[in-house]
Amino acid sequence: MKTGIAGVICFVVGVLIVPLFAWSYLSYGRPPVAVTDSAFPFEKQIVRVPLHRRMESEIEQAPIQPDENNLLAGAQIYKRECSFCHGIPSQPAEVGQNMYPSVPQLWQKHKNGVVGVSDDPAGETYWRIKNGIRLTGMPSYQKILSPTQMWQVSLLLASADKPLSPSVQAALSQP
Ligand code: HEC
């Protein structure tokens, strides 16, 4: 009987202590709230693993070709919808670098030499544009752009490591 009561007391205390700790951490601790604060422990891993699983299961093939017309249309859409955060060739976006998480600059070379997301299949980029990425500044464009427009931007970004035609270049650097 005694161990029964002790067990109940331990259980109740246990159940109360966890939320109490959580509450005091959030109230009196210094959890990250500012853009410049460092991340929660394991924050990146917790978000990335399910994102990649989901993307892999929903990936689609591009129904259009990366020809001049589609790349040019993609560049015009990119300039209007994306450059504010993701930058243009040889000009990173100021705002994008001061967000949390910071915005990948899609025309810049990474340390491994890859430009932006040109190493990702267009279908993966399409998924990100269509669905957005929760708890980051990355918007979902499925109610803003048509599927063709989203593919045009995706194909453009997949070609970011190749020389751009003068008209695509001009569309990207238009004021
Ligand atoms: C308000 C800012 C903002 C705008 C506008 C925006 N994005 Fe993003 N985007 C982000 C952020 C923030 C991330 C990083 C998300 C993360 O950390 O996982 C991101 C991530 C991405 C990625 C993945 C990059 C990588 O390295 O894996 C792609 C591709 C992308 N965006 C494409 C676009 C395209 C195309 C547009 C326009 C149609 C666009 N974004 C508009 C903020 C933005």
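Criteria and cut-off values
- Residues numbered from 1 in each chain as written.
- Predicted model: local features only at pLDDT ≥ 70, side-chain atom pairs only at ≥ 80, totals over all residues.
- Heavy atoms only, no water.
- Core = buried A, V, L, I, M, F, W, Y, C linked by side-chain atoms within 4.5 Å.
- Buried < 20%, exposed > 50% of the residue type's maximum accessible area, 1.4 Å probe, protein only.
- Helix = DSSP H or I, 4+ residues; strand = E, 2+ residues; numbered from the N terminus.
- Contact = heavy atoms within 4.5 Å.
- Patch = residues over 30% accessible without salt bridge, like charges linked within 9 Å, V, L, I, M, F, W, Y side chains within 5 Å.
- Areas by Shrake-Rupley, 256 points an atom, 1.4 Å probe, with all protein chains shown as cover.
- Salt bridge = Lys/Arg side-chain N within 4 Å of Asp/Glu carboxyl O.
- Domains from an automatic or database assignment.
- Near = heavy atom within 4 Å.
- Polar contact = N/O pair within 3.5 Å; in protein donor to acceptor, adjacent residues only side chain to side chain.
- Nonpolar A, V, L, I, M, F, W, Y, C, P; charged D, E, K, R; others polar.

## Some details on the nonpolar core
Moving on, step 1. Within the largest apolar cluster, 26 residues are counted, with the highest numbers of intra-cluster contacts made by Y78, W107, V153, L156, L157 and L172.
Moving on, step 2. Counting only elements with at least two residues in this core, the list comes to α3 (68–81), α6 (122–131), α7 (147–158) and α8 (166–173).
Moving on, step 3. When residues in this core are grouped by element, the largest group, seven residues, is from α7.

## Quick word on the environment of G74
Moving on, step 1. One can find G74 in helix α3.
Moving on, step 2. Given the relative accessible area of 0%, G74 is considered buried.
Moving on, step 3. The spacing of G74 and L155 is 81 residues in sequence and 7.6 Å in space, taken between C-alpha atoms.
Moving on, step 4. Filtering out sequence-adjacent residues up to four positions away, G74 remains in contact with Q152, V153 and L156.

## Thoughts on a nonpolar patch on the surface
Moving on, step 1. The grouping of I5, I9, V13, I17, V18 and F21 at the surface amounts to a nonpolar patch, some 580 Å² of accessible area in total.
Moving on, step 2. Mapping V18 onto the fold places it in helix α1 (residues 2–28).
Moving on, step 3. We classify V18 as exposed; its relative accessible area is 58%.

## Observations regarding the domain arrangement of the protein
Moving on, step 1. Each assigned domain of the protein is listed here: domain 1 (1–31) and domain 2 (43–173).
Moving on, step 2. Placing the centre of domain 1 and that of domain 2 at their C-alpha centroids yields a distance of 46 Å.

## Some remarks on the site of the ligand
Moving on, step 1. The immediate surroundings of the ligand are formed by 21 residues, with C82, C85, H86, R128 and M138 found nearest.
Moving on, step 2. Taking R48, its side chain carries an N or O atom lying 3.4 Å from an oxygen atom of the ligand.
Moving on, step 3. Contact between the ligand and H86: a nitrogen atom at 2.7 Å from a side-chain N or O atom of the residue.
Moving on, step 4. Elements represented by at least two residues in the shell around the ligand include exactly α4 (83–86), α6 and α7.
Moving on, step 5. Sort the elements by how many residues they give to the shell around the ligand and α6 lands first, with three residues.
Moving on, step 6. For the shell around the ligand, the residue count by class is 14 nonpolar, four polar and three charged.

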